[in-house]
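Observations on chain architecture
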Amino acid sequence: MEGMQRTTAEGRGPVRYGPPTPQPGLPVLSELISVLGAAAGRSSPQPPGGGASLREAACRHWGRRGLATSPESVAAGPGAPALLLALLGAYGGDVMLPRPCPAWWTPQVRLLGRRAYHVPTPAECGGVPDPYALLETVRRVRAEGGDPRVLLLSVADDPTATVPPPELVREACEAAETAGLFVVSDESWRDTVHRPHDDLVLSPAEMLPEQAAVLVDLSGALLPAGWPAAVVRFPATGQGALLRAHTLDVLTATGAMVAGPVAGAAAHALDEPDAVAARSYAAARLHGLVAAAAHREIRAAGALARPPQAGRHLYADLTPLRAGLARHGVGDALELEDWLGGRLGAPTPGGQRFADELGALRVRLSTGPLLGGTPEERLAALTARDPLELPHVRSSLDLLGSVLAGLA
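Residues numbered from 1 in each chain as written. Predicted model: local features only at pLDDT ≥ 70, side-chain atom pairs only at ≥ 80, totals over all residues. Heavy atoms only, no water.

Brief notes about the pairing of strand E5 (residues 182-186)
The element E5 is largely enclosed, with a buried count of 5 among its 5 residues. In terms of strand pairing, strand E4 (residues 148-154) meets E5 through 5 bridges, oriented parallel. Paired with Ser154 across the bridge in E5 is Asp186. Between E4 and its parallel partner E5, the chain crosses via helix H6 (residues 166-179), and the hand of that crossover is right-handed. Inspection of the sheet shows E5 paired to strand E6 (residues 212-217) by 4 bridges, in the parallel sense. Among the inter-strand pairings, Val183 is bridged to a residue of E6, identified as Ala212. (Buried < 20%, exposed > 50% of the residue type's maximum accessible area, 1.4 Å probe, protein only. Helix = DSSP H or I, 4+ residues; strand = E, 2+ residues; numbered from the N terminus. Pairing = 2+ DSSP bridges. Right-handed = clockwise from strand over helix to strand, strands pointing away.)

What to know about the nonpolar core
Counting 36 residues, the largest nonpolar core has Ile298, Leu318, Leu325, Leu336, Leu340 and Leu365 as its most contacted members. If you list the elements that add at least two residues to this core, you get helix H10 (274-300), strand E9 (313-317), helix H12 (333-344), strand E10 (362-366), helix H13 (375-383) and helix H14 (391-405). Residues Leu54, Ala205, Ala265 and Ala269 belong to the second largest nonpolar core, which totals 30 residues. (Core = buried A, V, L, I, M, F, W, Y, C linked by side-chain atoms within 4.5 Å.)

So, the pattern of salt bridges
Side-chain pairs of opposite charge can arise where the charged atoms are in close proximity. The tally for this structure, following the rule as stated, stands at 16 salt bridges. Ionic pairing is found between Glu389 and Arg385, a salt bridge with its closest N-O pair at 3.9 Å. Like Arg385, Glu389 is exposed. (Salt bridge = Lys/Arg side-chain N within 4 Å of Asp/Glu carboxyl O.)

What about the sheet that holds E5?
Strand pairing in a sheet takes place through backbone hydrogen bonds and is either antiparallel or parallel in direction. Taken in spatial order, the 7 strands of this open sheet run E1-E7-E6-E5-E4-E2-E3, and their pairing is mixed. On the outer flanks of this sheet lie strand E1 (74-77) and strand E3 (116-120), each paired with one strand and no other. The sheet shows a mean angle of 25° between the axes of neighbouring strands, taken without regard to direction. Two strands pair when backbone bridges link them, and E6 and strand E7 (residues 230-233) are joined in this way by 4 bridges, in the antiparallel orientation. (Axes fitted to C-alpha atoms, helices over the stretch in contact; angles between N-to-C directions.)

Let's talk about the packing of aromatic side chains
Counted according to the given criterion, the structure contains 3 aromatic pairs. Measuring from ring centre to ring centre gives 4.8 Å for Tyr91 and Phe182, while their planes differ by 20°; the resulting arrangement is stacked. Of this pair, Tyr91 sits in helix H3 (residues 80-91) while Phe182 is found in strand E5, placing the two residues 91 residues apart along the sequence. Between the aromatic rings of Tyr315 and Phe354, the centroid separation amounts to 6.0 Å while the plane-to-plane angle is 90°, which identifies the pairing as edge-to-face. Here Phe354 lies in the loop between H12 and E10 and Tyr315 lies in strand E9, a separation of 39 residues in the sequence. For the pair Tyr315 and Phe354, one class covers both residues: buried. (Phe/Tyr/Trp six-rings, centres within 6.5 Å; stacked < 30°, edge-to-face > 60°.)

Here's the deal with the UniProt feature "domain: Aminotransferase class I/classII large" (unreviewed entry) in the protein chain
As annotated by UniProt and renumbered to match this structure, "domain: Aminotransferase class I/classII large" (unreviewed entry) occupies residues 38-234. Structurally, residues 38-234 comprises 32% helix and 19% strand, and the distance from its first C-alpha atom to its last is 31 Å. (UniProt positions renumbered as here; feature names shortened; annotations may be inferred.)

A few points about a negative patch on the surface
Taken together, the side chains of Glu124, Glu167, Glu171, Glu174 and Glu177 make up a negatively charged region of the molecular surface. For Glu171, the position within the fold is in helix H6. Glu171 gets classed as partly exposed once you look at its relative accessible area, which sits at 37%. (Patch = residues over 30% accessible without salt bridge, like charges linked within 9 Å, V, L, I, M, F, W, Y side chains within 5 Å. Areas by Shrake-Rupley, 256 points an atom, 1.4 Å probe, with all protein chains shown as cover. Lys, Arg positive; Asp, Glu negative; His and termini not counted. Charge placed at Lys NZ, Arg CZ, Asp CG, Glu CD.)

Considering the sheet that holds E10
Here 3 strands make up an open sheet; going across it, the order is E8-E9-E10 and the pairing antiparallel. Edge positions in the open sheet fall to strand E8 (304-305) and E10, since each of these has one partner strand only. Bridge analysis of E9 against E10 gives 5 bridges, and the strand direction is antiparallel. For Leu314, the partnering residue across the bridge sits in E10 and is Leu365.

Thoughts on the environment of Pro20
As for its position among the elements, Pro20 is in the segment before helix H1 (30-39). Its relative accessible area of 28% is what places Pro20 among the partly exposed residues. Between the alpha carbons of Pro20 and Ser366 there is a distance of 9.8 Å; along the sequence they are 346 residues apart.

Observations concerning unusual backbone geometry
The amide bond that connects Arg99 to the next residue, Pro100, takes the cis arrangement and shows omega of 0°. Tracing the backbone shows Pro100 in the loop between strand E2 (94-99) and helix H4 (105-111). A cis amide bond links Asp158 with the next residue in sequence, Pro159, at an omega value of 20°. Unusually for a residue other than glycine, Ala161 sits at a positive phi of about 60°. Relative to the helices and strands, Ala161 is located in the loop between E4 and H6. Backbone geometry places Ala355, a non-glycine residue, at a positive phi of 70°.

Here we look at helix H2 (residues 52-63)
When the terminal C-alpha atoms of H2 are compared, their 16 Å separation across 12 residues agrees well with the 16 Å that a helix rising 1.5 Å per residue should span. In the core, the buried residues of H2 are packed alongside E1, E6, E7, helix H8 (238-254) and helix H9 (260-270). (Expected span 1.5 Å × (residues − 1). Contact = heavy atoms within 4.5 Å.)

Quick look at the structure:
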């Protein structure tokens, strides 16, 4: 199972054994390679929080999405984990998170010595907590001496691959405001929505301009994961400026700066020139088609999954196949992770890595491995009129279907 080491039974999921981020599985865009190469000779480091050109490009990026932003309200870092760690460290307090949530969120909170409280998500989507459950959980936590101050959510979600409807985002934000929580919206997957004309993405920063920060990891849609860069947008208030300053303190103390050549490529990608925009759109379409086909295989086998709407993955619940899995000695998500990953030859992280119930037989399946085993096969999938007709894509989907069908 290349890309994810097995977890020791004793540890049940140490951070270093966590699941890999869903990878695009596509060759790096040649235009970005040229930009990075042209900047390779620059020896001067980026300042903490990013240089002016990178922050200005981030402002233009958000401006095209209806969020007017000034460079003084932006900070950049070497990937979303480093930025989120700095932001949470600067803000203080315990953190409310949806269940399930991205695998890297909870370790960030615990690394800071804070408590993470997970709130169930609505039946129709992931990414945001059920608003009534959020209010009740905050009330109970405070009654027990906890100090919840931050709500971390996602408007295009990993692991569930769903886009919360605008009304649900609005209700979750209203609940956060009522509870006095600062909202951090991870929008890294916003530009990977499979059908952008059908699924409207609403940012909490549009609703709570003085009480929400927006985090974007550029490996979501714009850069390869090996070129780490992320940006965060703070509220344009005195409190927002203070939070940004404290966040820069943490970035400085930890040496979490964007590499100079990567900063140039990040600024170029954030401006979304034609080639970058076309690749982003084509990749989202490709992953959407393959995810929808994988969803059909899952449902045909009798398992459950919400229809994927964004990203490069989907979240499957194999609980209806529990009896068949038991015949193979699989009784929880950790055992399912090992067994299914071995059968498919690709990482299939179990739900326990996303703060889900260990006893629930849930896994995240990535679409990247379904695109082919070589760069040439993956590029062929990207440029094909119908990638599902390609033999290597079809065989990957057939393998998934046959493995699951064997559990009926």
